[in-house]
Amino acid sequence: MVGAHVKHRHPFTPFDEAPPREADSFAAMPIPESILPQVVGENFRHRLGTFALDVSEWLPEDPETSLTIDLKRRLLHGRRPEVVALQQGGENCAEEAAQLVGQWAGVEIKSNGIGALVDASLLVADDLAVLQPVEKSGGVKQLLLTSAVVCCPSRWMLAEKMGQDMMQVHAPVAKYAEHVGPAVDNFFQRITADKPVWRSNWIIQDHPALFQPRIPASPLVDSPKDLWIRMERQTLRRLPKTGGILFTIRGFQQPLPEYLARSKTIAQNIRTLLERLPEDVAQYKSVLRYRPQIMPWLDQFC
Ligand code: HEM
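Residues numbered from 1 in each chain as written. Predicted model: local features only at pLDDT ≥ 70, side-chain atom pairs only at ≥ 80, totals over all residues.

Q: I'd love a proper account of the site of the ligand, names of residues and values included.
A: In the vicinity of the ligand lie 19 residues, with Trp 156, Pro 172, Val 173, Asn 201 and Phe 247 positioned nearest. Counting residues per element, the ones that place at least two in the shell around the ligand are helix 8 (181-190) and strand 5 (197-205). Along the lines of polarity and charge, the residues of the shell around the ligand split into twelve nonpolar, four polar and three charged. (Near = placed C-beta within 6 Å. Helix = DSSP H or I, 4+ residues; strand = E, 2+ residues; numbered from the N terminus. Nonpolar A, V, L, I, M, F, W, Y, C, P; charged D, E, K, R; others polar.)

Q: So, the packing of helix 10 (residues 264-276) against helix 12 (residues 291-298): which residues are in play, and what are the values?
A: At a minimum axis separation of 11 Å, helix 10 and helix 12 run at an interaxial angle of 150°. Classified by chirality, the crossing of helix 12 by helix 10 is left-handed. Packed against helix 10, whose contacting residues are Ala 267, Ile 270, Arg 271 and Leu 274, the element helix 12 presents Arg 291, Ile 294, Met 295 and Leu 298 at the interface. When the residues that make up the contact of helix 10 with helix 12 are grouped by side-chain class, the tally is six nonpolar, no polar and two charged. (Axes fitted to C-alpha atoms, helices over the stretch in contact; angles between N-to-C directions. Left-handed = near helix turned anticlockwise from the far one by under 90°. Contact = placed C-beta atoms within 7 Å.)

Q: Which residues make up the nonpolar core, and what are the values?
A: Ala 94, Ala 97, Leu 117, Leu 128, Val 130, Ala 148 and Val 149 are the most contacted members of the largest nonpolar core, which totals 45 residues. Elements supplying a minimum of two residues to this core: helix 1 (65-78), strand 2 (84-86), helix 3 (91-105), helix 4 (113-121), strand 3 (127-135), strand 4 (141-149), helix 6 (166-169) and strand 7 (245-255). With residues up to four places along the chain from it excluded, the contact list for Leu 128 reads Ala 97, Val 101, Leu 117, Ala 120, Ser 121, Ala 148, Val 149, Leu 246 and Thr 248. Core analysis: the next-biggest nonpolar cluster, separate from the first, contains 13 residues, Ile 31, Trp 228, Ile 229 and Ile 270 among them. (Core = buried A, V, L, I, M, F, W, Y, C linked by C-beta atoms within 7 Å. Buried ≥ 20, exposed ≤ 12 C-beta atoms within 10 Å, placed from the backbone.)

Q: Kindly report on the packing of helix 3 against helix 4, identifying the contributing residues and their values.
A: Between helix 3 and helix 4, whose axes approach to 7 Å, the crossing angle comes to 25°. As the angle between them shows, helix 3 and helix 4 are arranged roughly parallel. Where helix 3 crosses over helix 4, the two elements pack in a sense that is left-handed. Contacts between helix 3 and helix 4 pair Glu 91, Ala 94, Glu 95, Ala 97, Ala 98, Val 101 and Gly 102 from the former with Gly 113, Ile 114, Ala 116, Leu 117, Asp 119 and Ala 120 from the latter. By residue class, the composition of the contact of helix 3 with helix 4 is eight nonpolar, two polar and three charged. (Parallel < 35°, antiparallel > 145°, perpendicular 65-115°, else oblique.)

Q: Give a description of the pairing of strand 5 that names residues and reports values.
A: One ladder, built from two bridges, connects strand 1 (residues 51-52) with strand 5; its direction is antiparallel. Bridging across to strand 5, Ala 52 finds its partner in Val 197. Pairing between strand 5 and strand 6 (residues 228-238): nine bridges, direction antiparallel. Paired with Asn 201 across the two strands is Glu 232, which belongs to strand 6. (Pairing = 2+ DSSP bridges.)

Q: Run through the sheet that holds strand 5, naming residues and quoting values.
A: Spatial ordering of the open sheet is given by 1-5-6-7-3-4-2, a layout of seven strands whose pairing is antiparallel. Lying at the two open borders of the sheet, with one neighbouring strand each, are strand 1 and strand 2. Across the face of the sheet, helix 3 comes into contact with strand 2, strand 3, strand 4, strand 6 and strand 7 while running at roughly 140° to strand 3.

Structure below.
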């Protein structure tokens, strides 16, 4: 049963549970330098922001990999319906995606269908979401989300997104349709199996739980120093046999003050990006309420 946010500071404890005592000593890994947000252009705009990725760099390990896999194991055991989903007919794509991850990890996946995707999800820290080409009326093929194992959702619920196309999945994202909606659909035609791409995103949140499907009912902290920055490294790769696409999502988080203290450039970039966010996007990114407090406080890091 999904509950309300329990205030805590342990990313690897679900948002609605209390952390174990050993979590008191947790210190977050710095979010990898290579995915940090950059300032592009003069104004805010959602962008595809995709970069070519060498297959050998597809789903790398880091010091938080095993913590993330442990979190997945606990969720798969105790809260499976919240983190695993399959639409009827999605089995073949799920299996092909699982095989690809298995090959990457050097492990033979023996199970089938969604079971294979679950097994594959425990080999890497990344979440796995599979888009399947489905024929709609008039012979037009659309890519729909038909299978997934998502243990680190950033305030969205997997069950609500199943069976949807990209425009529908992103309906709550302010300015998505006008800025990138058609470009994403076009881009998906060009993705190949041997040339994956990656992109990243960022958001400021008042709770660090990686498993956080819900938006809190009210603000959870009083001071910007208690906020967190959360980023995702996402990759996209074609499934050559079924024509589907495997979308991987890896969540990272760091306390906001630690992140800003990394360098003046990092702090200045966040200042510029925050300043530029239109109100509706700031609201979507759940930072609108905190922005008036963050901006003057942030200057000390710039
Ligand atoms: C190039 C491809 C994509 C682009 C440009 C894109 C863009 C975005 C953007 C701008 C957001 C808002 C958060 C942020 O500011 O970053 C977002 C959220 C999201 N994206 Fe994507 N996305 C892409 C691919 C995908 C795919 C393949 C999935 C498949 C499941 C997906 C699922 C989601 C979900 C579930 C959210 C949260 C929506 C909500 O709050 O309800 N995205 N995406």
